[in-house]
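Here is what each chain is made of, one letter per residue.
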Amino acid sequence: MSKVIVVTSGKGGVGKTTSTASLGAALAQTGQKVCVVDFDVGLRNLDLVLGAERRVVYDFINVAQGDARLAQALIRDKRVETLHLLAASQTRDKDALTDEGVERVIGDLRQSFDWILCDSPAGIERGALLAMRFADEAIVVTNPEISSVRDSDRIIGLLDAKTRRAEAGEKIEKRLLLTRFDAARSSRGEMLSVADVLDILSVPLLGIVPEDQEILRASNVGAPITINGSAGPAARAYRDAARRLIGETIPIAVPDEKKKTLFNRLFSRRAA
Amino acid sequence: MSLFRFLKARGTAPVARERLQILLSHERIAVGPRDLVAILRDELLATIRRHVEIDPEKLSVKMDRAEGFSTLEIDLEIPCDKVALAVQDAAPEEATAA
């Protein structure tokens, strides 16, 4: 049975594309058939993060408008053979995507894939609404920072109002992926804690991805952190999140600053 | 100097948390599932106005979200004399209906 998941956030730059690529690659590595779909018409980047930018011939809009077959537009990853990409158009107008076109392409993708991850554009405009429209579930990517949390709250409201599932009176499952989390700053009271964000947004947690320099290195070379051999904390977090998506029960460890100095330990209660 | 600063700084995260909580409690009312709240408000207003003349400004419909469920809060102020009149008006109507 296939599952369509929208990766969304409202705010830009919080890690939607990185998360789509990393989770998609991690899911595909378990043998599941995965297609990651870029909905950011005019500002596509998923191809770049996956290192497939020179292999895009046909895109989502070509398929939605019937100018190309789905099989022609799908790009198979060279490292993980069950991972595929459907790129967004870089040149076309974003209004070229219609409800009907998207519905048909998603329907076709459901025939051949176990997982369809839709990388939403930032904002709450048409592109973001189309990306969430036909989703079964949502991953809300949030940074522990006020503007990101506010925008996520807005997106959660839209998921409950504007998706097909919501309109049919069905429940759309939402899970929070907290990215760029800095345990040290959070423990010093300089950054919203995991509990703060969960309390404010009231959405169950899919995973906590710590701030990790490996992520930039991975995108520099077009290899998602889950397939570039990284053993760092972010790669581990994405792998665990992917396994939770599949249904495994893996406890979520809230990262803690382990190397506390004696001085910090003495004053740690102040920040709690 | 840095020691004093450390003692003084309690972290800015609590401020962020509080600001967000206040802001979102307002925004969820304003933008929440906008369509639903607006529809409910209009229909409630129409239903109530069939029986009691009320000031639309005095009807407040709010929706809030918690994990697993949402709550709908309806708050309405009706002047006492209007209630009394409405009850008198409603009585003969019920009689004819029966």
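Everything numeric in this text was worked out from a predicted model, so none of it was measured. (Residues numbered from 1 in each chain as written. Chains lettered and ligands numbered in written order. Predicted model: local features only at pLDDT ≥ 70, side-chain atom pairs only at ≥ 80, totals over all residues. Heavy atoms only, no water.)

Asks: Is there a simple way to think about the overall build of chain A in this case?
Replies: A count of helices and strands for chain A gives 13 helices and eight strands. Its C-alpha atoms give chain A a radius of gyration of 19 Å, within 12% of the compact-globule value 19 Å for 272 residues. Residue burial in chain A is summarised as follows: out of 272 residues, 53% are buried. Expressed as a percentage of contacts within chain A between residues at least 6 apart in sequence, the contacts between residues at least 24 apart total 75%. Measuring between centres, the 39 positive side-chain charges of chain A sit 4 Å from its 37 negative side-chain charges. (Helix = DSSP H or I, 4+ residues; strand = E, 2+ residues; numbered from the N terminus. Rg over C-alpha atoms; globule rule 2.2 N^0.38 Å. Buried < 20%, exposed > 50% of the residue type's maximum accessible area, 1.4 Å probe, protein only. Contact = heavy atoms within 4.5 Å. Lys, Arg positive; Asp, Glu negative; His and termini not counted. Charge placed at Lys NZ, Arg CZ, Asp CG, Glu CD.)

Asks: Sorry, what's going on with the packing of aromatic side chains here?
Replies: Each aromatic ring pair is described using two quantities: the centre-to-centre distance and the angle formed by the ring planes. All names here are of chain A. Tallied over the full model, the rule gives one aromatic pair over all chains. The interplanar angle of 85° and the centroid separation of 5.0 Å between the aromatic rings of Phe39 and Phe60 together place this pair among those described as edge-to-face. Placement of Phe39 in the loop between strand S2 (34-38) and helix H2 (46-49) and of Phe60 in helix H3 (residues 60-64) is noted, with a sequence separation of 21 residues between them. Given the relative accessible area of 1%, Phe60 is considered buried. The ring centre of Phe113 lies 5.4 Å from the NZ or CZ of Lys33, which sits over that ring. (Phe/Tyr/Trp six-rings, centres within 6.5 Å; stacked < 30°, edge-to-face > 60°. Lys NZ or Arg CZ within 6 Å of the ring centre and 35° of its normal.)

Asks: What exactly am I supposed to notice about the sheet that holds S2 of chain A here?
Replies: Through backbone hydrogen bonds, the strands of a sheet pair up, either in parallel or in antiparallel fashion. Residue and element names in this part refer to chain A. If you walk across this open sheet you meet the eight strands as S3-S4-S2-S5-S1-S6-S7-S8, and the pairing is mixed. Each end of this open sheet is capped by a strand with a single partner; those strands are strand S3 (75-76) and strand S8 (205-210). As paired strands, strand S7 (residues 173-181) and S8 are joined by five bridges and run parallel to one another. Pairing of Leu178 across the sheet is with Ile208, part of S8. Running at roughly 145° to strand S5 (residues 115-119), helix H5 (residues 99-112) makes contact with strand S1 (3-8), S2, strand S4 (83-86) and S5 of the sheet. (Pairing = 2+ DSSP bridges. Axes fitted to C-alpha atoms, helices over the stretch in contact; angles between N-to-C directions.)

Asks: Honestly, the pairing of S2 of chain A in this entry has me stumped. Any pointers?
Replies: The side chains of a regular strand alternate, residue by residue, between the two faces of the sheet. All names here are of chain A. Counting buried residues along S2, five of its five residues qualify, which places the element largely inside the surrounding structure. Going residue by residue along S2, you find Val34, Val36 and Asp38 tucked away on one face and Cys35 and Val37 tucked away on the opposite face as well. The pairing of S2 with S4 spans four bridges and is classified as parallel. Its bridge partner lying in S4, Val34 is registered against Leu83. Note: S2 against S5, five bridges, orientation parallel.

Asks: Would you explain the nonpolar core in this entry?
Replies: Across soluble globular proteins, nonpolar side chains show a tendency to be buried alongside one another. All names here are of chain A. Counting 52 residues, the largest nonpolar core has Phe39, Leu86, Leu97 and Leu109 as the members making the most contacts within it. Once residues lying within four places of it in the same chain are set aside, the contact partners of Leu97 are Phe39, Val41, Phe60, Ile61, Ala64, Val102, Arg126 and Leu130. Counting residues in hydrophobic clusters, the runner-up holds 38 residues, among them Leu23, Leu50, Val56 and Leu83. (Core = buried A, V, L, I, M, F, W, Y, C linked by side-chain atoms within 4.5 Å.)

Asks: Where do I start with empty space enclosed by the protein in this structure?
Replies: Over the atoms rolls a probe the size of a water molecule, and its path tells where empty space is left. Residue and element names in this part refer to chain A. The final tally for this structure, using the stated rule, is two cavities of 30 Å³ or more. Reported here for the largest cavity is a volume of approximately 50 Å³. In this structure, the largest cavity is lined by Thr18, Ala21, Ser22, Val49, Ile215, Ala218, Ser219, Pro224 and Ile225. Of all the secondary structure elements, the ones that give two or more residues to the lining of the largest cavity are helix H1 (16-29) and helix H11 (214-221). Tallied by class, the residues present in the lining of the largest cavity amount to six nonpolar, three polar and no charged. Of the volumes computed, that of the second largest cavity is approximately 40 Å³. The wall of the second largest cavity is formed by Leu50, Ala52, Arg55, Ile75, Arg76, Asp77, Leu83, His84 and Leu85. Contributions of two or more residues to the lining of the second largest cavity are made by S3 and S4. When residues of the lining of the second largest cavity are assigned to their parent elements, the largest contribution, three residues, is made by S4. By residue class, the composition of the lining of the second largest cavity is five nonpolar, one polar and three charged. (1 Å grid on protein atoms, 1.4 Å probe; cavity = no way out; pocket = protein on both sides within 12 Å on 5 of 7 lines; lining within 4 Å. Points joined across faces, edges and corners; volume = space filled by probe spheres on them. Nonpolar A, V, L, I, M, F, W, Y, C, P; charged D, E, K, R; others polar.)

Asks: Explain the side chain of Thr8 of chain A to me, please; I cannot follow it from the model alone.
Replies: Within the secondary structure, Thr8 of chain A is located in strand S1. Every residue in contact with Thr8 of chain A, bar those within four places of it in the chain, is listed here: Lys16, Ser120, Ile139, Val140, Val141, Ile155 and Leu159 of chain A.

Asks: I'm lost on the pattern of salt bridges in this one. Help?
Replies: Pairs can form between side chains of opposite charge once their charged atoms are near each other. All names here are of chain A. Per the counting criterion, the structure on display carries 23 salt bridges over all chains. Between Arg76 and Glu81 there is a salt bridge, with the nearest N and O atoms lying 3.6 Å from each other. Since its relative accessible area comes to 45%, Arg76 is described here as partly exposed. Accessibility expressed as a relative area gives 55% for Glu81, which makes it exposed. Between Arg165 and Glu170 there is a salt bridge, and its shortest N-O distance comes to 3.6 Å. (Salt bridge = Lys/Arg side-chain N within 4 Å of Asp/Glu carboxyl O.)

Honestly, it's all geometry; don't read function into it.
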